[in-house]
Number of protein chains: 4
Amino acid sequence: MESSNRRIRTPEEVVARYLTVRAATEHLASRLSPEDQMLQSMPLCSPVKWHRAHTTWFFETFVLEPLGVRAVFPHYRHLFNSYYDAIGPRHARPKRGMLSRPSFEEVGEYRHIVDRSMQDQLLTLGKQELQELVPLIDLGLAHEEQHQELLLTDILHAFHENPTLPAYRGGPSTPSVRIPAAQKRSRAFKAFDGGLVEIGASGHDGFVFDNETPRHKVWLAPFQIATALVTNREMKAFMAAGGYRTPSLWLAEGFDFVQGHGIEAPLYWRRDGDGWVAFGLDGLREIADDEPLSHVSFYEADAIARFLGARLASEHEWEVVAATLDRSGNFRDTDALRPLSPPQDGDEVAQMFGDVWEWTRSSYEPYPGYRPAEGAIGEYNGKFMVNQRVLRGGSCLTPRGHVRASYRNYWHPETRFQMTGVRLAVDAQGARAEGESSS
Amino acid sequence: MESSNRRIRTPEEVVARYLTVRAATEHLASRLSPEDQMLQSMPLCSPVKWHRAHTTWFFETFVLEPLGVRAVFPHYRHLFNSYYDAIGPRHARPKRGMLSRPSFEEVGEYRHIVDRSMQDQLLTLGKQELQELVPLIDLGLAHEEQHQELLLTDILHAFHENPTLPAYRGGPSTPSVRIPAAQKRSRAFKAFDGGLVEIGASGHDGFVFDNETPRHKVWLAPFQIATALVTNREMKAFMAAGGYRTPSLWLAEGFDFVQGHGIEAPLYWRRDGDGWVAFGLDGLREIADDEPLSHVSFYEADAIARFLGARLASEHEWEVVAATLDRSGNFRDTDALRPLSPPQDGDEVAQMFGDVWEWTRSSYEPYPGYRPAEGAIGEYNGKFMVNQRVLRGGSCLTPRGHVRASYRNYWHPETRFQMTGVRLAVDAQGARAEGESSS
Amino acid sequence: MESSNRRIRTPEEVVARYLTVRAATEHLASRLSPEDQMLQSMPLCSPVKWHRAHTTWFFETFVLEPLGVRAVFPHYRHLFNSYYDAIGPRHARPKRGMLSRPSFEEVGEYRHIVDRSMQDQLLTLGKQELQELVPLIDLGLAHEEQHQELLLTDILHAFHENPTLPAYRGGPSTPSVRIPAAQKRSRAFKAFDGGLVEIGASGHDGFVFDNETPRHKVWLAPFQIATALVTNREMKAFMAAGGYRTPSLWLAEGFDFVQGHGIEAPLYWRRDGDGWVAFGLDGLREIADDEPLSHVSFYEADAIARFLGARLASEHEWEVVAATLDRSGNFRDTDALRPLSPPQDGDEVAQMFGDVWEWTRSSYEPYPGYRPAEGAIGEYNGKFMVNQRVLRGGSCLTPRGHVRASYRNYWHPETRFQMTGVRLAVDAQGARAEGESSS
Amino acid sequence: MESSNRRIRTPEEVVARYLTVRAATEHLASRLSPEDQMLQSMPLCSPVKWHRAHTTWFFETFVLEPLGVRAVFPHYRHLFNSYYDAIGPRHARPKRGMLSRPSFEEVGEYRHIVDRSMQDQLLTLGKQELQELVPLIDLGLAHEEQHQELLLTDILHAFHENPTLPAYRGGPSTPSVRIPAAQKRSRAFKAFDGGLVEIGASGHDGFVFDNETPRHKVWLAPFQIATALVTNREMKAFMAAGGYRTPSLWLAEGFDFVQGHGIEAPLYWRRDGDGWVAFGLDGLREIADDEPLSHVSFYEADAIARFLGARLASEHEWEVVAATLDRSGNFRDTDALRPLSPPQDGDEVAQMFGDVWEWTRSSYEPYPGYRPAEGAIGEYNGKFMVNQRVLRGGSCLTPRGHVRASYRNYWHPETRFQMTGVRLAVDAQGARAEGESSS
């Protein structure tokens, strides 16, 4: 992580921010029973209770222990370590759902003790010491915000395994913004020039992850990017055209993936008579055609882009565009908890932030000159830089303020349980011509 | 099931017995939190909550529904069906642990409603109708008693997946009966004549399962049976002699099994310095050498028998001997919850009932003339008669009164998570000589 | 093995028999190219070249080496050991198809050298020594005959993996004996009394395997056995009635097996327009309705028996009946290489020997008093006595003279690549009544 | 494919080149028996006979059929299609080893017929038609050259499954060039400036694959590249230091890979007393410390680079350096068939071509503006652009003239059976400094 925001923060500011983020986790979990919080539906997902304990472990291990604070429960060091080899061995990931003990209440108590200990430390540290600790606190809070999103995607996946399809959030769901039919237009693209651009966090952005650095030069050919996200309507057209059964639309591994798993629709879609409904955090509901497509793998994103005569944007293209926009959008605090139709169908590039994570064509690689942090913290991002694809922009489950133009999320190409959607791009006319002349 | 006990039972007797068995289930579960009751550590095991619901479903489906009582929660028909194809499709077995809903409380409520409904029915049915129903009630209660034992074996397996090794039952554990060293003698066998014997339930035994019938003639060669069970001391000798690595002691599939899974001790044993400790329902404890060996597969039972110069008893041999004994023993009501050292080391065959289920050399087959019950209930036993081995005698986790001389339990030969031990037998001298002369 | 035929054989007789069996193997292989002889289509099957080498290894290891003859190629000891742990480690079974070296020619040379060495030994041994060796020679030859049958079943399975479906034996195929429609009658059964019978080899039968001994008493209830085998016509009726999709006809593991593997017909059957054709050693041909059904698993045999209102015979029932018949039948020397329609449709039990191996309801267990041979040879049969079912009678691929009434073949219940069919039985009326009264 | 070499080739030149390449395949196969040519040791590998048939199928399908020439054996269209969905269904890849038919001779005959047909066509086509066909012929020949290398890597893998470890090429092996100890120096790097460079085939290079186009601009930071390849000596140091067991040296998936497969040395290395020997095309031989390391996965390449304080080069860095060098090196025509020690240990970047394919840090992605060819041929490269890593430079098994500076090979990161080695790079001092200042 990197935290270069030079403004000095007061201890009270640090504590307030800490408690706000920590409380948000508990608020999200509070809609779930102790039994719900036990569920682990696949090795990639973790129980909500585990998320609550692991994020606490993070502060205890990386902040409190170096300050000399004794571990609350020494065996938690083992139970709630996720993947930090430098910290030591750990409970097997697929067996996180086996931890009925410590109980729901004990984990709550653990959070409480660590929070009080963190407060004590933050308020009693010397000024210099505190400022040195701030980047680590920021990392811990960004980490916790990531787990807040995972908590939601994981409980959605778990509830989907229950034939009764429980809703995470009951009550009336947010109405989708309806677009009058007359307004529906063919897809619009906006052109960008490319050239020699700068990519990565600038160093004046406050906290950033190490994988966003160093800022470096990239040469971009001219390109055009879609102003809107791919919609459920377009996915239905893809399906109706036999897209899932047409190998020429797919990467070879993608076609093997959907064939091998019998996939013929986005995750959580299911037939309902002649149509389709989708399962979400507010239960089963009709699919709104104008809402952004979500819960597709990179393979499906790549295939539907080809079907629509386009391609995915590269992460560089995406960042160059996003850097010109403000970071507003449909984030978790709207409580929609699903992507929404665009508020207006304009000429500007919309919905870059929030709604759905956008698969890019870029594989997740270190930036030139990248160097992970020293020590166990260096395992945060760097050791995962293979076989994954970058996603950008955050989603309707992401805390507001968590993402930025340079933020890089990453998942394996077959991932479907995240809130993942599609942004199209095309080569500029000039670029295409150049490409062709040289062949 | 078969229930030929001719004595007429009063409605109050039937109700009292029903409520007693049902309450025992809840008592066993009451030591476990809602989270504990969610655990499913492998597809063969079920969550405690599921056991509580499924046994209730059994009465609702097979008793109340035919009497015209409406299902409490119609979707439970699907959720809590175990394997009855005639009832319809069902929730996938490996995903029983995904059912955070219905909650712990809802399952308790379900039990309560069904129990009240059962009482209402039993007390208002005509005398004739009640008597006709008794065999089905008896089956449902025997079924619930089986699940009481499974509830314990399954939670033991689940707790074993938790690195903190929680104990099902805390407090001081039952002291093992210690045998003065001087009393330890070489193994004693008792001889039986064989000849034409009758095997199977006699029809005067009260309730029996259909797989214990019909009673039929079997010719038995003379044999000798061990008066005591194989002990932990003998297993340690087997291990010290390299028994787990000596192919000549094993069935070929057995050797592949232990090699392929890296097995070198009974399940739940683990090294502790130079020695071994074992995990049980009262947590981790030192292994008492004189206590009966348990948690071994049929393969290990077969191998240690060969190592000790003997073989497993056949189920017929076992039954002939057991029929001469009373059914007392270390059952669940002693609350030892583990097999105990023999109270005395006498000349009589001891510990045939209780302590550990005893693997026999017999595969689980229908008796000549066997005919399963009509309808869905016929799926109870008959359809599992392949690739399994018969076990006899009940265990320290079995409710007292549940088993009898003709009772046939069955598991696949690789099963280790049940309370399974070893009884030795040998051919009588005469039989051996006869076998040799004919070759 | 056991060989109690007291008649003294001359060295020339022993040699002549040895060379006859050995030549038959080479004759069977001679229809196949070196490339064909490399094929291993699944771990259970072995390449033809391997069969040729392994049977030779058997004589070298168990006969020549103890006589002090040096191994021809010392590394063959490892390459061509099948499963004899006492001999030492061995080449992994699933990788037998990786042995392009030794070549086809080298294996031929190996056979030649060992055969010459065997001749030398047999003709120069003292009289006493020879007689002591005869049981081992007989075992080696019975072993080679078993591999002759496997060679055919394995090449059939391998050729089935080739989309061009090569025929093992070209030319016009044996015409099926056609039965005039008028002669087709409903299935006939013949009644037997049961009682106390003797089972197993008598000791006056010449060579027998150890698993056929010792002869022992068994009590049999009265039963009836079908005079004819189940036919392809009956299988078509089973399929037309949805038999493969009706759980109540199946053992639970059987239904899981056919569902899990998408099985909806016997192995080697395939749709041809509206009908079915079958692949065999003479290629693809129309299915003759009156020919015996083959290539079904125990599970399918059990299910079709239930569909037809009967059950499989026990191995004891089968043996008691077979002991009254002569051993003639459609064996390999007819060169039909497939089961044939019964020559006449009479009242007598027919086709007990030859045509198809008949699944019995009996699991493969040691007989009371069974004791395997000493040393490595003792691994021949005994260590496989778990999870398998007994088959009786030999098939159209079995060498004439190889089987007898007491002969026990065994395979896992899911086996379909062997020449396996179905013989029905039912309980006698009296037996049924007795069974019912006791319940 | 792209073939923009404007020089007109005569029909005789085209035929001569065609026959030369085709003959080389047969020469490589001629060292192997028909049985050897059947071997398929894993799904990723193909039998030599299949390679010979598939490369022929390529010309028949893509050149002869469009010219109206009837297929020699219509069912080969199915049997020898590798992965072209547009051509139709195909024989399952893991079952290529099941094709004993067509025989070795029939495949030879097939090659002969197609070659004659190709000659006929090439010599009788009009001038214009021929020139239009040349790019496709060039593609077919480049394709055949790729399969020549695969033929060698696949037979090496197959022979490794045979406990007798046959050598592909007998006789005395090429002596390794020995470097006097005094000459051994610490690793040298050569610096390059980076900046805005052009990457990809220029259009004046003769035949290139479509994945090398279009040529495009890339911004490169300054870097240094190792003048020599990583050696076996360095791998031994890595192993001695516990490199295979040190998670901090690995990508997380890489560490899981080596742990999960028990990998502790390069493929084909095996212990020999205290040391190590390696299996290669000339059999088992001592490992020469100064020879380039080969048969490592991307994961191992990445880990040993980190161990040595460096990183892998990017494919762009590699290409910029290689473009300044001539294409000489240790290719297949030296008949060494293994990588050799560097002839001199100079200041210049050496062994960029030949010896071993060099893993780069770059994932295999389409170049900006990339567009696959129309039709089935478009499946050649494009559909594999996910989850793979680019390798550069060719190997000792690659035909001379086959590779060039812009040539992109690709394999999954766990691939070890190819001739794969390691080239180190480091960031230039300036670049590092820049990277650090921006964080």
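Source: prediction; values computed, not measured. (Residues numbered from 1 in each chain as written. Chains lettered and ligands numbered in written order. Predicted model: local features only at pLDDT ≥ 70, side-chain atom pairs only at ≥ 80, totals over all residues. Heavy atoms only, no water.)

S.K.: Would you mind going over the relation of the copies chain D and chain A with me for this structure?
M.R.: Look at the two chain copies: a rotation about an axis and a shift along it is all it takes to match them. Taken as rigid bodies, chain D and chain A are interconverted by a rotation of 180° and an axial shift of 0.0 Å, the fit giving an RMSD of 0.0 Å. Given the turn and translation reported, the copies of this chain are related as if by a two-fold rotation axis. Among all C-alpha atoms of chain D, that of Asn387 of chain D lies closest to the rotation axis, at 2.4 Å. Mapped onto chain A, 98% of the interface residues of chain D are again interface residues, and the two copies thus contact each other with one and the same surface. (Least-squares fit on C-alpha atoms with pLDDT ≥ 70 in both. Contact = heavy atoms within 4.5 Å.)

S.K.: Could you clarify how one ought to interpret the domain arrangement of chain A in this entry?
M.R.: Size of an interface: often given as the accessible area lost when the parts come together. Residue and element names in this part refer to chain A. Segmenting chain A into domains produces domain 1 (11–160) and domain 2 (189–430). The centre of domain 1, based on its C-alpha atoms, is set 28 Å off from the matching centre of domain 2. Per-residue buried area on domain 1 facing domain 2 is highest for Glu149, Leu156 and His160; these three make up 25% of the total on that side. The interface formed by domain 1 and domain 2 includes 2 salt bridges. Of the charged contacts, one joins Lys383 and Asp85 as a salt bridge, the two residues approaching to 3.4 Å between their closest N and O atoms. Across the contact surface, domain 1 and domain 2 share 14 residue pairs in polar contact (both at pLDDT 80 or more). The set of elements that each furnish at least two residues to the side of domain 1 that touches domain 2 consists of helix 1 (11–29), helix 2 (48–64) and helix 5 (127–160). A per-element tally of the side of domain 1 that touches domain 2 places helix 5 first, with 19 residues. Looking at side-chain class alone, the side of domain 1 that touches domain 2 contains 20 nonpolar, 6 polar and 6 charged residues. (Domains from an automatic or database assignment. Buried area = accessible area lost by both parts, 1.4 Å probe. Salt bridge = Lys/Arg side-chain N within 4 Å of Asp/Glu carboxyl O. Polar contact = N/O pair within 3.5 Å; in protein donor to acceptor, adjacent residues only side chain to side chain. Helix = DSSP H or I, 4+ residues; strand = E, 2+ residues; numbered from the N terminus. Nonpolar A, V, L, I, M, F, W, Y, C, P; charged D, E, K, R; others polar.)

S.K.: How should the relation of the copies chain C and chain D be read in this particular structure?
M.R.: Here chain C sits on chain D after a turn of 180° about the axis and a move of 0.0 Å along it, with an RMSD of 0.0 Å. Comparing contact sets, 100% of the residues at the interface of chain C also lie at the interface in chain D, consistent with an isologous, same-surface contact.

S.K.: Would you mind going over the interface of chain C and chain D with me for this structure?
M.R.: Each partner contributes residues to the interface: chain C has 28 residues there, and chain D has 28 residues. Roughly 2200 Å² of surface becomes buried between chain C and chain D when both sides are summed, with 56% attributable to carbon and sulfur atoms. When residues of chain C are sorted by the area they lose upon contact with chain D, Glu35, Met98 and Arg101 of chain C head the list and together hold 34% of the total. At the surface where chain C touches chain D, the tally comes to 6 salt bridges.

S.K.: It is not clear to me how the pairing of strand 7 (residues 269–272) of chain C should be interpreted in this structure. Could you clarify?
M.R.: All names here are of chain C. Relative to strand 8 (residues 275–280), strand 7 runs antiparallel, the two sharing 4 bridges. If you follow Arg270 over to strand 8, its bridge partner there is Val277. Counting the residues that bridge the hairpin from strand 7 to strand 8 gives 2 residues, and of these Gly273 lies at a positive phi of roughly 65°. (Pairing = 2+ DSSP bridges.)

S.K.: Even after reading the chapter, I still don't get the sheet that holds strand 9 (residues 283–286) of chain A, so can you show me in this structure?
M.R.: Adjacent strands of a sheet form backbone hydrogen bonds with each other and so pair up, either parallel or antiparallel. Residue and element names in this part refer to chain A. Ordered by their spatial adjacency, 3 strands build an open sheet running 7-8-9, and the pairing between neighbours is antiparallel. Strand pairing shows two members of the sheet lacking a second neighbour, strand 7 (269–272) and strand 9, which therefore form its edges. Going across the sheet, the axis of each strand differs from the next one's by a mean of 35°, ignoring polarity. (Axes fitted to C-alpha atoms, helices over the stretch in contact; angles between N-to-C directions.)

S.K.: For this particular structure, what's the right way to read the sheet that holds strand 10 (residues 311–312) of chain B?
M.R.: Residues and elements named next belong to chain B. The strand order 2-6-15-10 describes an open sheet built from 4 strands, whose pairing is antiparallel. Looking at which strands have only one partner, the edges of the open sheet turn out to be strand 2 (189–192) and strand 10. Across the sheet, helix 9 (residues 315–322) is in contact with strand 2, strand 6 (223–226), strand 10 and strand 15 (424–427); its angle to strand 6 comes to roughly 70°.

S.K.: Would you explain the interface of chain D and chain A in this entry?
M.R.: Each side of the interface is counted separately: chain D has 43 residues, and chain A has 42 residues. Both faces considered, chain D and chain A share a buried interface measuring about 3500 Å² in area, 48% of it formed by carbon and sulfur atoms. By the criterion of area lost to chain A, the three top residues of chain D are Trp219, Val386 and Asn387 of chain D, representing 16% of everything that side buries. Where chain D touches chain A, the interface holds 2 salt bridges. Our count for the contact surface shared by chain D and chain A stands at 13 residue pairs in polar contact (both at pLDDT 80 or more). Elements represented by at least two residues in the side of chain D that touches chain A include exactly strand 5 (216–220), helix 7 (252–260), helix 8 (298–307), strand 11 (357–363) and helix 10 (429–437) of chain D. Counting residues per element, the side of chain D that touches chain A draws most heavily on helix 10 of chain D, at 4 residues.

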